[in-house]
Amino acid sequence: FGIHALLVVTVTLSPVTAAAPSENDVTGEDVYPPLWDLAPGNLLDFPVKHNKIVVNAWNYQERLGVYKSLLNSSAKYFGAFGPQNIGNILWGLPLQHGWQFHTGRLADPSGVTSCGYENGELLCQSVRSWWSCMNYYLAVIPFLGAVEAGLFGQLPYEIEILPPEERKDDFCYSVKDCWSRMPKLMDDWKAFFEYLLSTEHKAVSSATFSSFKLDDALGLMWRAHTTSIAYALPKFQDSLKYLSDPEANFGEDWADAVDFIAATHFSTDLPTTNHFQAFLPQRMLVEGDVLPSINDFSPQQNKVLVSLRALHKANKLTGGLLLKLWQKAMSTEAGRKMGRKLIESLTSS
């Protein structure tokens, strides 16, 4: 397996062009996650009870508020990468979450409750939703890691995350609780935010905080991201039973693909993530959806789903060797640049 062949096999993974974003790309409401304007943007916008800031992470708008406060508090570090915080690499997280909400992936797939449905509790996020549970580890854990790193400064109150109605033991609910139960995850997210914070001291005499290397920041963020997914994946394997076979397959393919994307230190800023998400399925997959000819999906959306499926199968057949080879090929800055360029050239043709 030559490195070039390896790149070609994995190249249709992520149909994002690496063209520099123009300011025009980020005008218009639809570039932001649904209800972005209505989400709390500051920690003190959340309710305070018994001297604790209380966050209901099972409400879409409040989980979105967790992301919004992360974006707002880290904005000054990304000023050199575009106006209006568009170059902030944390955009990938709330945009993915917004896509999950918009496509109905956060609603109760078992149909037992009205959680997440328009004729029920639209903003409710179901603990039976595989997507919602996986996303918890890419929302609450980064958030509490940022709290611990000091991104929000000295807070007047502790943070408390409300538990779901079921599966309470599968989640953690405060900085202390998460440190005791999943230290590696907390450590990786804290390291990313500490890296951003460390640039503040270096940049005292400069007008901008962005004195860090974007590639290094992306490396730390993607390491934490993949650690979160690897931890959550076996935990919520049983939740896939609520989904159709095509949707369950897509979920597993998506989780596997993240490792390949992460290895290239792919940029998750606002324009790039939005461009990428246009190629993801804009509804849940159902029984009877057969690749590569799902009628209401574009040819590119069908192609991406086929590519993700093939990549997942190939990696499984090789016992994970495909990913190891890819990661080796991406272990230098030049290799990562080549990986991103190849993705760009082969998917934009």
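Residues numbered from 1 in each chain as written. Predicted model: local features only at pLDDT ≥ 70, side-chain atom pairs only at ≥ 80, totals over all residues. Heavy atoms only, no water.

Looking up the chain in an unreviewed UniProt entry gives the name LEG1H protein, with the organism given as Menura novaehollandiae. What the UniProt record of the chain gives under Sequence similarities (unreviewed entry) is the line "Belongs to the LEG1 family." Among the UniProt annotations of the chain, the heading Subcellular location (unreviewed entry) holds the following wording: "Secreted". (UniProt positions renumbered as here; feature names shortened; annotations may be inferred.)

Caption draft 1: Looking closely at the nonpolar core. Grouped together as the largest cluster of nonpolar side chains are 91 residues, with contacts concentrated most on Phe143, Ile161, Phe192 and Phe193. Aside from chain neighbours lying at most four places away, what touches Ile161 is Val55, Ala57, Tyr136, Val140, Phe143, Leu144 and Tyr173. Phe260, Ala263, Leu311 and Trp326 belong to the second-largest nonpolar core, a separate cluster that totals eight residues. (Core = buried A, V, L, I, M, F, W, Y, C linked by side-chain atoms within 4.5 Å. Buried < 20%, exposed > 50% of the residue type's maximum accessible area, 1.4 Å probe, protein only. Contact = heavy atoms within 4.5 Å.)

Caption draft 2: Representation of the packing of aromatic side chains in the model. On inspection of all chains with the given rule, the structure shows 25 aromatic pairs. With 5.7 Å between their ring centres and 45° between their planes, Phe81 and Phe212 make a pair best called tilted. Of this pair, Phe81 sits in the loop between helix H2 (60-74) and helix H3 (92-102) while Phe212 is found in the loop between helix H7 (183-202) and helix H8 (214-235), placing the two residues 131 residues apart along the sequence. With relative accessibility at 29%, the residue Phe81 sits in the partly exposed group. We classify Phe212 as buried; its relative accessible area is 7%. Relative to Trp131, the ring of Trp99 has its centre 5.5 Å away and its plane inclined at 85°; by these criteria the two rings are edge-to-face. (Phe/Tyr/Trp six-rings, centres within 6.5 Å; stacked < 30°, edge-to-face > 60°. Helix = DSSP H or I, 4+ residues; strand = E, 2+ residues; numbered from the N terminus.)

Caption draft 3: The arrangement of the packing of helix H9 (residues 245-263) against helix H12 (residues 321-329) in detail. Closest axis-to-axis distance for the H9/H12 pair is 9 Å, and the angle between their directions is 15°. When the axes of H9 and H12 are compared, the pair comes out roughly parallel. Two packed elements cross with a definite hand, and for H9 against H12 that hand is left-handed. Contact residues: H9 offers Asp259, Phe260 and Ala263, while H12 offers Leu322, Leu323, Trp326 and Gln327. (Axes fitted to C-alpha atoms, helices over the stretch in contact; angles between N-to-C directions. Parallel < 35°, antiparallel > 145°, perpendicular 65-115°, else oblique. Left-handed = near helix turned anticlockwise from the far one by under 90°.)

Caption draft 4: How the structure looks around the pattern of salt bridges. One pass over the structure, following the stated rule, counts 14 salt bridges. Measuring nitrogen to oxygen at the nearest pair gives 3.2 Å for the salt bridge that ties Arg181 to Asp177. With Arg181 and Asp177 both in helix H6 (residues 175-181) and four residues apart, this pair spans about one turn of that helix. With relative accessibility at 18%, the residue Asp177 sits in the buried group. A salt bridge links Arg283 to Asp289; the shortest N-O distance between them is 2.8 Å. Within this structure, Arg167, Asp170, Lys235 and Asp238 form a network of salt bridges that share partners. (Salt bridge = Lys/Arg side-chain N within 4 Å of Asp/Glu carboxyl O.)

Caption draft 5: Looking closely at empty space enclosed by the protein. Under the criterion given, the structure shown has one cavity of 30 Å³ or more. Of the voids in this model, the largest cavity is the one considered here, and its volume is about 340 Å³. Along the wall of the largest cavity there are 26 residues; nearest its centre are Gln96, Trp222, Ile261, Thr268 and Phe276. Residue assignment for the lining of the largest cavity shows that the elements contributing at least two residues are H3, H8, H9, helix H10 (270-277) and helix H11 (299-317). Here the residues of the lining of the largest cavity are counted per class, giving 15 nonpolar, 11 polar and no charged. (1 Å grid on protein atoms, 1.4 Å probe; cavity = no way out; pocket = protein on both sides within 12 Å on 5 of 7 lines; lining within 4 Å. Points joined across faces, edges and corners; volume = space filled by probe spheres on them. Nonpolar A, V, L, I, M, F, W, Y, C, P; charged D, E, K, R; others polar.)

Caption draft 6: Here's a closer look at the confidence of the model for the chain. Taken residue by residue, the chain gives an average pLDDT of 89. The fraction at 70 or more is 87%. Scored below 50 in pLDDT, residues 1-6 makes 11 contacts in the model with residues more than four places away or belonging to other chains. Across residues 10-27 the pLDDT falls below 50, and counting only partners more than four positions away or on other chains, this stretch makes 45 contacts in the model. (pLDDT = per-residue confidence, 0-100.)

Caption draft 7: Expanded view of the packing of H8 against H9. The N-to-C vectors of H8 and H9 enclose an angle of 160°; their axes lie 10 Å apart at closest approach. With respect to H9, the axis of H8 lies roughly antiparallel. The interaxial crossing formed by H8 with H9 has left-handed handedness. Contacts between H8 and H9 pair Trp222, His225, Thr226, Ile229 and Leu233 from the former with Trp254, Ala255, Val258, Asp259, Ile261 and Ala262 from the latter. When grouped by side-chain class, the residues that make up the contact of H8 with H9 number eight nonpolar, two polar and one charged.

Caption draft 8: A look at the state of the cysteines. Tallied over the entire structure, the rule returns two disulfides. Each sulfur of the disulfide joining Cys115 and Cys124 lies 1.9 Å from the other. Residues Cys115 and Cys124 share a disulfide whose torsion about the S-S bond is about -90°; that sign makes it left-handed. Accessibility classification places Cys115 together with Cys124 in one group, the buried group. The partner cysteine of Cys172 in its disulfide is Cys178, sulfur to sulfur 1.9 Å. On the S-S bond that ties Cys172 to Cys178, the torsion sits near 95°, and the link is right-handed. Side by side, Cys172 and Cys178 carry an identical accessibility label, which is buried. In the chain, the bonded cysteines, taken in the order they occur along the sequence, pair up as 1-2, 3-4. (Disulfide = S-S within 2.5 Å.)

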